[in-house]
Amino acid sequence: MSADLWDQSEVQTERTMSTDQEPTLTVKLLQLLLLSTYWGMQIWVTFISSFVMDNHLNRHTYGFIQSRLVPFYLHLGSACAFINLTIYAVYHPSELLDDREAFQIFIFFVSVTVAAVNAQWFGQMTSEIMADMHLIEQACGLGQDIGLSSNREAYAKLCETDVKYRHLSSRLWLYRLLSSLCNLCCIGCNFYSLCYMAENLNTL
């Protein structure tokens, strides 16, 4: 009996040492770079570049850039979130998690899931619908006005007269809304993760 207990103790000790070891400086730096890179991309794409392009580019040029930029941003963001989750999970085995660590794992998981859904579905559908709408607008001589809010009367009239365009417009509104909500959710998750990381810093 004592030999069995000794063997179990050795196994438990080895398992704990292999999974609960202190991460190296390289691992800490990697997670910090991934998290800060994703956060920086989110702030730039969501609040800065969109505002600047909307005020200086015509409707179709803005849409073309967004259709190329946003899918890359979403896929890169989901990759950063997945690697962050993997790194954190490796150094925080489930049997040793406290409540804060378990919630942080949940935050990373939500970020990965929402970012992947946005990249694979909502963001992709938004780009495809926008491209179809631009073809119809070009045929009607529209799309060269600066800003998405300009010349609304012409686009409203096109919605009234073209059934296909009206259907695409309603679908675009829906997918843009879902994609924006997913993006804001990921921003919130990353903000919490940054706060969690700051709380665990020993010193500046």
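Residues numbered from 1 in each chain as written. Predicted model: local features only at pLDDT ≥ 70, side-chain atom pairs only at ≥ 80, totals over all residues. Heavy atoms only, no water.

Trainee: Just to check I follow, could you spell out the confidence of the model for the protein chain for this structure?
Mentor: Averaged over every residue, the pLDDT of the protein chain is 86; residues scoring 70 or more account for 88%. Per-element confidence in the protein chain ranges from a low mean pLDDT of 46 for helix H1 (residues 2-19) to a high of 94 for helix H6 (residues 163-199). With pLDDT under 50 throughout, residues 1-19 is counted as low confidence; its partners more than four residues away or in other chains account for six contacts. (pLDDT = per-residue confidence, 0-100. Helix = DSSP H or I, 4+ residues; strand = E, 2+ residues; numbered from the N terminus. Contact = heavy atoms within 4.5 Å.)

Trainee: I keep staring at the packing of aromatic side chains and nothing clicks. Help me out?
Mentor: What characterises a pair of aromatic rings is the spacing of the ring centres plus the angle enclosed by the ring planes. The final tally for this structure, using the stated rule, is seven aromatic pairs. Considering the side-chain rings of Trp39 and Phe191, the 6.0 Å spacing of their centres and the 35° angle between planes classify their relative orientation as tilted. A residue pair is termed long-range when its members are at least 10 positions apart, and Trp39 in helix H2 (residues 25-56) and Phe191 in helix H6 qualify at 152 residues. By relative accessible area, Trp39 is classed as partly exposed at 23%. Arranged with centres 5.2 Å apart and planes meeting at 85°, the rings of Phe103 and Tyr192 form a pair that is edge-to-face. Of this pair, Phe103 sits in helix H4 (residues 99-139) while Tyr192 is found in helix H6, placing the two residues 89 residues apart along the sequence. The aromatic ring of Tyr155 is capped on one face by Arg59, whose charged end is 3.9 Å from the ring centroid. (Phe/Tyr/Trp six-rings, centres within 6.5 Å; stacked < 30°, edge-to-face > 60°. Buried < 20%, exposed > 50% of the residue type's maximum accessible area, 1.4 Å probe, protein only. Lys NZ or Arg CZ within 6 Å of the ring centre and 35° of its normal.)

Trainee: In this structure, what is going on with the pattern of salt bridges? I would like to understand it.
Mentor: Between side chains of opposite charge, a pair can form as their charged atoms come close. Counted by the stated rule, this structure contains three salt bridges. A salt bridge links Arg59 to Glu137, with the nearest nitrogen and oxygen atoms 3.8 Å apart. With Arg59 in helix H3 (residues 59-90) and Glu137 in helix H4, this pair connects stretches of sequence that are 78 residues apart. Judged on exposure class, the residue Arg59 and its partner Glu137 are both buried. Between Glu199 and Arg100 there is a salt bridge, with its nearest N and O atoms 2.9 Å apart. On the criterion of sequence distance, the pair formed by Glu199 in helix H6 and Arg100 in helix H4 is long-range, its members being 99 residues apart. Using a relative accessible area of 39% as the deciding quantity, one classes Arg100 as partly exposed. (Salt bridge = Lys/Arg side-chain N within 4 Å of Asp/Glu carboxyl O.)

Trainee: Would you explain the packing of H2 against H3 in this entry?
Mentor: For any two helices packed against each other, the geometry is given by the interaxial angle and the distance between the axes. Running from N to C, H2 and H3 point in directions that differ by 160°, and their axes come no closer than 10 Å. Taken together, the axis directions place H2 and H3 in an arrangement best described as roughly antiparallel. Judged by the sense of rotation from one axis to the other, the crossing of H2 with H3 is left-handed. Split into classes, the residues belonging to the contact of H2 with H3 amount to 18 nonpolar, nine polar and one charged. (Axes fitted to C-alpha atoms, helices over the stretch in contact; angles between N-to-C directions. Parallel < 35°, antiparallel > 145°, perpendicular 65-115°, else oblique. Left-handed = near helix turned anticlockwise from the far one by under 90°. Nonpolar A, V, L, I, M, F, W, Y, C, P; charged D, E, K, R; others polar.)

Trainee: Looking at this structure, how should I read H3?
Mentor: An α-helix turns once every 3.6 residues. As a result, residues three or four positions apart point the same way. With 32 residues, H3 extends 46 Å from end C-alpha to end C-alpha; this agrees with the ideal 46 Å at 1.5 Å per step. Its axis deflected by about 25° at Gln66, H3 carries its strongest bend there. Two to three positions downstream of the cap, the backbone nitrogen of His60 sits 3.1 Å from a side-chain oxygen, assigning the N-cap of H3 to Asn58. (Expected span 1.5 Å × (residues − 1). Bend = angle between axes of the 7 residues up to and from the residue. Polar contact = N/O pair within 3.5 Å; in protein donor to acceptor, adjacent residues only side chain to side chain.)

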